[in-house]
Every structure is written in C-alpha cells, then in structure tokens.
Amino acid sequence: MRLSLILTALVVLAAMVMPAVADEVDYLISDLKYGTADVRYEAVWALGEIGDPRAVDPLIDALKDEDEDVRSEAVWALGEIGDPKAVDPLVEMLNDEDKWIRWHAIHALGNIGDTKAVDPLLKALKDEDPDIRGAASVAMGKIGDTRAIDPLVYMASKDQDEEVRLIAASSLVKLGKTEYYDQVIQGFDADDRYLRELTAELLGLTGDPRAVDPLIDALKDEDVREMAFWALGAIGDPRAVAPLIDALKDEDEDVRWMAAEALGEIGEPAIDPLIGALKDEDEDVREKAANALGAIGDPRAVDPLIDALNDEDEYVRSGAAHALSWIGDTRAVDPLIEALKDEYKWARYEAAYALGAIGDTRAVDPLIDALNDEDEDVREAAMEALDKIQSE
C-alpha cells in the first residue's frame, strides 16, 4: 500500500514539475511522420533497433517516403522486427527503381521467413544483377523452402559470377544438400580477400558443425578473422571455446574483444574465460566481456560484474549495469543503488534500468531520489523502473 501511494504521489508531482515523459516509441513514430529527412532516417534506425511491433505500420508507410535513404532504412527495420504483416509491402519494394532498396527488401524477406515471399524470390534468383541473385540465394536458404533447390543447384554450378556460385552452394547446405559443403569451403582458397571473408560469413549462416575447424584455421588470416570470429559464435560449437580463450590473450586488443563477443554467443562453456576478460587491460575487451556475460545470463557472473561497476572506464561500468539487468540477481541491488551516483550519465541510466528489471523494493527510495537527476534520460529511466517495481 505504501509503495502504491508513494508512486501515485510521484506521478502527480512529476506532472506538476516537468512535462510528462512520452513513450520512446511514440516519440520516434512522431519523428518519422513529421521530422526532416535526417530525423526520419534516425527514427527509422532506432525503431528497427528497438523492435517494437507498434512501429510496423508507420514503417510500412515509410516505404513510400520521398527520401531513398529513409525507404532503404525502413526496409531494413521491418526485416529486423520480423512481422509477417510486412511481407506484402516488402514484396512490392522488389520493384523499386533503386537496386539497393531491392537488395535490402530481399534480405528483409529472408529474415522474416514467410513462405509467401518464395515466388517473388524465385523470380529474383534470375535477376540480371549478381548482387540481387546473391541476396535472393541467401534469403531462400533462410526461408528453407525446398522449391529453391533446383534453381540453386543450377546457380551453384552455372552462374557466371563466382560469388553467386558460392552463395548458392551455401544455401543448398542450409537446405540439407550437404554435398555442397566442399564447394563452400573451397572459398577459403581464393586469392580475393572478399571471397575468403564471404566464405567465413556463409559458413556461419549454414550452421554446419564441419565448418568449426576451418574457421578456427581462418583466425590466422588477418583479412578474414573478424568474420571467422562471428561465424564461430553463430555456430556455437564448444570446440571453438579453447581457441577463442587463446585469442583472449592476443596482443591485439581488437582480436581480444572479437573473441569475447564470440564466446558470449557460444554461452555457458565460456563463462570462466569471459569473467577473466573483465580484468583485461583494454577497456573495449572488458566492455564486450560484460555484454557477453549479461547475454549468457549465468549467475556466476554476478559478483564479477558487480566489481566491474567500479571500473575506471565509464563504458565498462554502464555495460556491467546493463548486463546485471539481464541476469536479474538481487545481489546486485545495493551495488546498483550506489551506481545511481556514478558521474557518467549512462551508467546511472543503466543502473536505474537494471533496478527496475530486478524489481526489488529496496530500490524504491533511491529511484525516487533519481527523479531529481540532472539528466532527463536518467529521470525517465528511474520513473520507468518505479513503474515496473509497482507492477510486480
């Protein structure tokens, strides 16, 4: 009862002293309707990142925007949200005069995975442009419809473009035609850096466990290793853990943070090395390790992440707070309350958000204090956190 009365009073007080805080998605939808081209573009990008289904209809409307960059980004955003309602409008975008909008529409349809898109995508497999044929090949592999097998078999052997042949073969592997695996793996022998990098990406998309050892070998190729790290994370095979742990000791900090990110995708077997990476000398590695541990969600990471709330780097501190929000362990409540005083605004913001996600009533009074924070984003996060605690 006390909590309910306090929060009711807070809402009244907030309405008196500051404008009501609108929902972020509503703000972005308004920007999409009334903003300049640059504002509309940024709004579309943010809506795609958030993934709220309320954005689907406004984003479909944005497919008719006069600015081609906004249209292209709206296509991407609809693919990220993945609502089947967008399939028919995206199919219409396959007729757009801009090639890259058509390309993005194909990828979006692949991400949504609705079989209604199969016939238009089969048509796109015959497009005169190799970029369009390649995109359609990837999409058909994602959708998984066997009607694509015969045209993909033809493309894997007969297409004039080497890249398209490689993509078609990888989609066939994804469709269960595993005999095409050898054709894909041969891409690592190409002199062309892009083809080797593409091979690593395609192997990650196939999810074929046979690719783990070749991808581990590809970590030695400076031109390919970033995509090889991603692919190993995407496949998620525990055999990659040991070489990725070794990569955490590499002298190149970029290699270390990519390894941390891949270990986060693999999950539970990577907990201990990622906890160790929270002590890395490079702040980017520590931040990636914190994010990865949060994504895995194992309670063994709670105490090390609590320690990371005091890291010297502001991004690591905010990343640790965000990771603790994913895990939701009440051991983090008191340290997160202390983090509400952090000098870095986004660390305070993430701390408030995490306290709301955990839902412990010990956070009520500190969050009430945070409603007076100098930063509007922090105040908004505190208000939302209080609403979450009240509703639980």
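Residues numbered from 1 in each chain as written. Predicted model: local features only at pLDDT ≥ 70, side-chain atom pairs only at ≥ 80, totals over all residues. Heavy atoms only, no water.

A. Summary view of the side chain of Asp 96. With respect to the helices and strands, Asp 96 occurs in the loop between helix H6 (87–92) and helix H7 (99–112). Its relative accessible area of 13% is what places Asp 96 among the buried residues. Excluding its chain neighbours within four sequence positions, the residues that come into contact with Asp 96 are Arg 71, Ile 101 and Arg 102. (Helix = DSSP H or I, 4+ residues; strand = E, 2+ residues; numbered from the N terminus. Buried < 20%, exposed > 50% of the residue type's maximum accessible area, 1.4 Å probe, protein only. Contact = heavy atoms within 4.5 Å.)

B. The pattern of salt bridges, seen in detail. This model, assessed by the stated rule, comprises 34 salt bridges. Among the salt bridges present, the one from Asp 208 reaches Arg 210, with a minimum N-O distance of 2.9 Å. The class of Arg 210 is partly exposed, set by a relative accessible area of 40%. Here Arg 256 makes a salt bridge to Asp 280, at a shortest N to O gap of 2.9 Å. Of the two residues, Arg 256 is situated in helix H17 (residues 253–266) and Asp 280 in the loop between helix H18 (271–277) and helix H19 (283–296); the sequence distance between them amounts to 24 residues. Like Arg 256, the residue Asp 280 is buried in the burial classification. Each of Arg 193, Arg 196, Asp 221 and Asp 223 takes part in a single network of salt bridges with overlapping partners. (Salt bridge = Lys/Arg side-chain N within 4 Å of Asp/Glu carboxyl O.)

C. Examining helix H9 (residues 130–143) more closely. For H9, built from 14 residues, the straight-helix expectation of 20 Å at 1.5 Å per residue is met to within 8% by its first-to-last C-alpha distance of 20 Å. In terms of burial, H9 is a largely internal element, 11 of the 14 residues being buried. For H9, the full list of buried residues reads Ile 132, Arg 133, Gly 134, Ala 135, Ala 136, Ser 137, Val 138, Ala 139, Met 140, Gly 141 and Ile 143. On its buried side, H9 packs onto H7, helix H8 (118–124), helix H10 (149–158), helix H11 (162–174) and helix H13 (193–206). The N-cap of H9, judged by a side-chain oxygen 2.8 Å from the amide nitrogen of Asp 131 a few residues on, is Asp 129. At the C-terminal side of H9, Gly 144 shows a positive phi close to 80°. (Expected span 1.5 Å × (residues − 1). Polar contact = N/O pair within 3.5 Å; in protein donor to acceptor, adjacent residues only side chain to side chain.)

D. Representation of the environment of Leu 336 within the structure. Relative to the elements of secondary structure, Leu 336 occurs in helix H22 (residues 333–339). Overall, Leu 336 belongs to the buried group, its relative accessible area being 0%. As for Leu 336 and Glu 350, which are separated by 14 residues in sequence, their C-alpha atoms are 8.9 Å apart. When neighbours within four sequence positions are excluded, Leu 336 is seen to be in contact with Leu 309, Ala 321, Leu 324, Ala 351, Ala 354, Leu 355 and Ile 358.

E. Examining the nonpolar core more closely. By size, the foremost hydrophobic cluster in this structure holds 139 residues, and its most contacted members are Leu 59, Ile 106, Leu 215, Leu 244, Leu 305, Leu 336 and Leu 367. It is H17 that contributes the most residues to this core, 8 residues altogether. For Leu 367, the residues in contact, after removing those within four places along its chain, are Leu 340, Ala 352, Leu 355, Ala 382, Ala 385, Leu 386 and Ile 389. (Core = buried A, V, L, I, M, F, W, Y, C linked by side-chain atoms within 4.5 Å.)

F. Highlighting helix H15 (residues 225–235). Of all 11 residues that make up H15, 8 are buried, and the element is covered over most of its length. Residues of H15 that are buried: Arg 225, Met 227, Ala 228, Phe 229, Ala 231, Leu 232, Gly 233 and Ile 235. Tucked into the core, H15 has its buried residues touching H13, helix H14 (212–218), helix H16 (241–247) and H17. Gly 236 occupies a position one or two residues after H15 and carries a positive phi of about 75°.

G. Region of the structure containing the confidence of the model for the chain. Across the chain, the average pLDDT comes to 91, with 94% of residues at 70 or higher. No element of the chain has a lower mean pLDDT than helix H1 (residues 2–17), which averages 39, and none a higher one than H22, which averages 98. With pLDDT under 50 throughout, residues 1–22 is counted as low confidence; its partners more than four residues away or in other chains account for 19 contacts. (pLDDT = per-residue confidence, 0-100.)

H. Fine view of a negative patch on the surface. A contiguous patch of negative charge on the surface is contributed by Glu 226, Glu 253, Asp 254, Glu 283, Asp 284 and Glu 312. Of all the secondary structure elements, the ones that give two or more residues to the negative patch are H17 and H19. Residue placement: Glu 253 occurs in helix H17. (Patch = residues over 30% accessible without salt bridge, like charges linked within 9 Å, V, L, I, M, F, W, Y side chains within 5 Å. Areas by Shrake-Rupley, 256 points an atom, 1.4 Å probe, with all protein chains shown as cover. Lys, Arg positive; Asp, Glu negative; His and termini not counted. Charge placed at Lys NZ, Arg CZ, Asp CG, Glu CD.)

I. Geometry of the packing of helix H23 (residues 345–358) against helix H25 (residues 376–391). The N-to-C vectors of H23 and H25 enclose an angle of 5°; their axes lie 8 Å apart at closest approach. By the angle class used here, H23 and H25 are roughly parallel. Residues Lys 345, Trp 346, Arg 348, Tyr 349, Ala 352, Tyr 353, Leu 355, Gly 356 and Ala 357 of H23 form the contact with H25, whose own contacting residues are Asp 377, Val 378, Ala 381, Ala 382, Ala 385, Lys 388 and Ile 389. (Axes fitted to C-alpha atoms, helices over the stretch in contact; angles between N-to-C directions. Parallel < 35°, antiparallel > 145°, perpendicular 65-115°, else oblique.)

J. Structural context of the environment of Tyr 27. Here Tyr 27 lies in helix H2 (residues 24–34). Judged by its relative accessible area of 44%, Tyr 27 is partly exposed. Note: C-alpha distance between Tyr 27 and Ala 43 (16 residues apart in sequence) is 8.7 Å.

K. How the structure looks around the packing of H9 against H11. Between H9 and H11, the least distance of the axes is 8 Å, while the angle of their chain directions is 10°. Judged by the angle between their axes, H9 and H11 are roughly parallel. Facing H9, whose interface residues are Pro 130, Arg 133, Gly 134, Ser 137, Val 138, Gly 141 and Lys 142, H11 presents Val 164, Ile 167, Ala 168, Ser 171 and Lys 174. Per-class residue counts for the contact of H9 with H11 are 5 nonpolar, 4 polar and 3 charged. (Nonpolar A, V, L, I, M, F, W, Y, C, P; charged D, E, K, R; others polar.)

L. Focus on the packing of aromatic side chains. Scanning all chains against the criterion turns up 3 aromatic pairs. With 5.7 Å between their ring centres and 70° between their planes, Trp 100 and Trp 103 make a pair best called edge-to-face. Here Trp 103 and Trp 100 lie together in helix H7, a separation of 3 residues that amounts to about one turn. Judged by relative accessible area, Trp 100 falls into the partly exposed class, the value being 42%. Arranged with centres 5.7 Å apart and planes meeting at 70°, the rings of Tyr 315 and Tyr 344 form a pair that is edge-to-face. Separated by 29 residues along the polypeptide, Tyr 315 in helix H21 (residues 314–327) and Tyr 344 in the loop between H22 and H23 bring together distant segments of the chain. Its relative accessible area of 43% is what places Tyr 315 among the partly exposed residues. Taking NZ or CZ as reference, Arg 210 lies 4.1 Å from the ring centre of Tyr 181, over its face. (Phe/Tyr/Trp six-rings, centres within 6.5 Å; stacked < 30°, edge-to-face > 60°. Lys NZ or Arg CZ within 6 Å of the ring centre and 35° of its normal.)

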